[in-house]
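Overview (structure and organization)
Single-letter residue listing:
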Amino acid sequence: MRTSAFPPDIPSLTSFSRLGSDENEIPHPGEAVGTDVPAEEVASLVRARWGLGNAPIPNVVHLLEAHGVRVFSLSRDCPEVDAFSFWDRGIPFVLLSTEKTAERGRFDAAHELGHLVLHGEEQMPHGPQAEAEAHRFAAAFLMPQADVLAHAPHGASTSWILQAKHRWKVAAMALAHRLHELGLTTEWQYRTHCVELDRLGYRKSETRSGVARETSQVLGKVFTALRSEGTRPADVARELHLRPADLNDLIFGLVVTAQEGEGQRHGDTDNRPRLSVVR
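None of the values given here were measured: they were computed from a predicted structure. (Residues numbered from 1 in each chain as written. Predicted model: local features only at pLDDT ≥ 70, side-chain atom pairs only at ≥ 80, totals over all residues. Heavy atoms only, no water.)

**With respect to the pattern of salt bridges**
In total, this model carries 17 salt bridges according to the counting rule given. Between Glu-206 and Arg-104 there is a salt bridge; the shortest N-O distance is 2.8 Å. A residue pair is termed long-range when its members are at least 10 positions apart, and Glu-206 in the loop between helix 9 (187-199) and helix 10 (217-228) and Arg-104 in helix 4 (residues 102-119) qualify at 102 residues. Ionic pairing is found between Glu-214 and Arg-106, a salt bridge with its closest N-O pair at 2.6 Å. Here Arg-106 lies in helix 4 and Glu-214 lies in the loop between helix 9 and helix 10, a separation of 108 residues in the sequence. A single network of salt bridges, built from pairs that share partners, joins Glu-40, Arg-136, Arg-178 and Glu-181. (Salt bridge = Lys/Arg side-chain N within 4 Å of Asp/Glu carboxyl O. Helix = DSSP H or I, 4+ residues; strand = E, 2+ residues; numbered from the N terminus.)

**Some words on unusual backbone geometry**
With the exception of glycine, the majority of residues adopt a negative phi angle, and the majority of peptide bonds are in the trans configuration. In this structure, Arg-89 takes a positive phi of about 50 degrees despite not being glycine. Relative to the assigned elements, Arg-89 resides in the loop between strand 2 (83-88) and strand 3 (91-96). Overall, the relative accessible area of 75% leaves Arg-89 in the exposed class. Phi is positive for Lys-169, which is not a glycine, with a value near 55 degrees. Its location among the elements puts Lys-169 in the loop between helix 7 (158-168) and helix 8 (172-181). (Buried < 20%, exposed > 50% of the residue type's maximum accessible area, 1.4 Å probe, protein only.)

**So, the pairing of strand 2**
Only one face of strand 2 is covered, namely the one carrying Ala-83, Ser-85 and Trp-87; the face carrying Phe-84, Phe-86 and Asp-88 has none of its residues buried. Two elements, strand 2 and strand 3, share 6 bridges in a ladder whose sense is antiparallel. Paired with Ser-85 across the two strands is Val-94, which belongs to strand 3. Connecting the antiparallel pair strand 2 and strand 3 is a turn made up of 2 residues, with Arg-89 showing a positive phi of about 50 degrees. (Pairing = 2+ DSSP bridges.)

**Quick word on the side chain of Thr-158**
Residue placement: Thr-158 occurs in helix 7. Residue class for Thr-158 comes out buried when judged on its relative accessible area of 8%.

**A few points about the confidence of the model for the protein chain**
Averaged over all residues, the pLDDT of the protein chain equals 79, while 76% of them reach at least 70. A low-confidence stretch, residues 17-36 (pLDDT under 50), is modelled with 32 contacts involving residues beyond four sequence positions or located in other chains. Here residues 256-279 is a poorly scored stretch, pLDDT under 50, and it has 25 contacts once near neighbours within four places are set aside; other chains count. (pLDDT = per-residue confidence, 0-100. Contact = heavy atoms within 4.5 Å.)

**Details of empty space enclosed by the protein**
One pass over the structure, following the stated rule, counts 4 cavities of 30 Å³ or more. Of the pockets and cavities examined, the largest cavity occupies roughly 80 Å³. As for the largest cavity, its lining consists of Val-61, Leu-96, Ser-97, Thr-98, Ala-102, Gly-105, Arg-106, Arg-213, Glu-214 and Phe-252. Looking at the lining of the largest cavity, the element that brings in the most residues is helix 4, giving 3 residues. (1 Å grid on protein atoms, 1.4 Å probe; cavity = no way out; pocket = protein on both sides within 12 Å on 5 of 7 lines; lining within 4 Å. Points joined across faces, edges and corners; volume = space filled by probe spheres on them.)

**Describing the sheet that holds strand 2**
As summarised here, the arrangement of the 3 strands in space is 1-3-2, forming an open sheet in which the pairing is mixed. Across the chains shown, the open sheet's two edge strands, defined by having one partner strand only, are strand 1 (70-73) and strand 2. Averaged over all pairs of adjacent strands, the angle between strand axes in this sheet comes to 20 degrees, irrespective of strand direction. Sheet analysis places strand 1 next to strand 3, joined by 4 bridges and oriented parallel. Directly across from Phe-72, in strand 3, lies its bridge partner Leu-95. Its contacts with the sheet place helix 4 against strand 2 and strand 3, and it is angled at close to 35 degrees to strand 2. (Axes fitted to C-alpha atoms, helices over the stretch in contact; angles between N-to-C directions.)

So, in structure tokens, the structure goes:
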């Protein structure tokens, strides 16, 4: 089956540095970084290019897919990895853990977008500096400075953070850090927020979150189309030299694959596994 996909539209730092120059000199997405632009500014530039304004982002995974990023989930056999990204022949890929909270999953997706934009295909991200840059990008991308300043009071309380985090669908700790980063809280207030949020259990989870875990929209449509054509997930797994369970791990568990049991009768007229797409 042939499938169409959105062409990649992931800007690079180099492309930002060459705005207004000859179009033949503008690099392709994923080209190496050519200038030292602060991550905060880059996040604003990406938002502007994608027409996002300063509004909160409803779904980060869907946004990445709409701009040509191939998003998959990480196998549960890799619990030590939160997420990672890479370019392959001009196509950007992001893999996300499904073992984290929905809020942290959104932040990880934005973090990996930061790597794709900031570090490019030739300059592979590595080291604490690259991680810090991607982290700053993610915070600015999910919680734009203008929007936070418009809604957050100076010296916000911990209870305000627990209410306001739903606006940006971010972890409480991430919002507390963003407020301090933008000068809306003092060092003492920030430390107080961290202590109180830790005591309430928000360092490791998001109590009573209410935020749905983001998943791939493209993969759901692909497997729905495959099913309509009579192609089973087991067939796809076989073509990829994967076990069906391993395939399911990579596609956010969107497809439930039934395994043939030892007690199956050879005379059954319909012995195909039953498939269902979970949205």
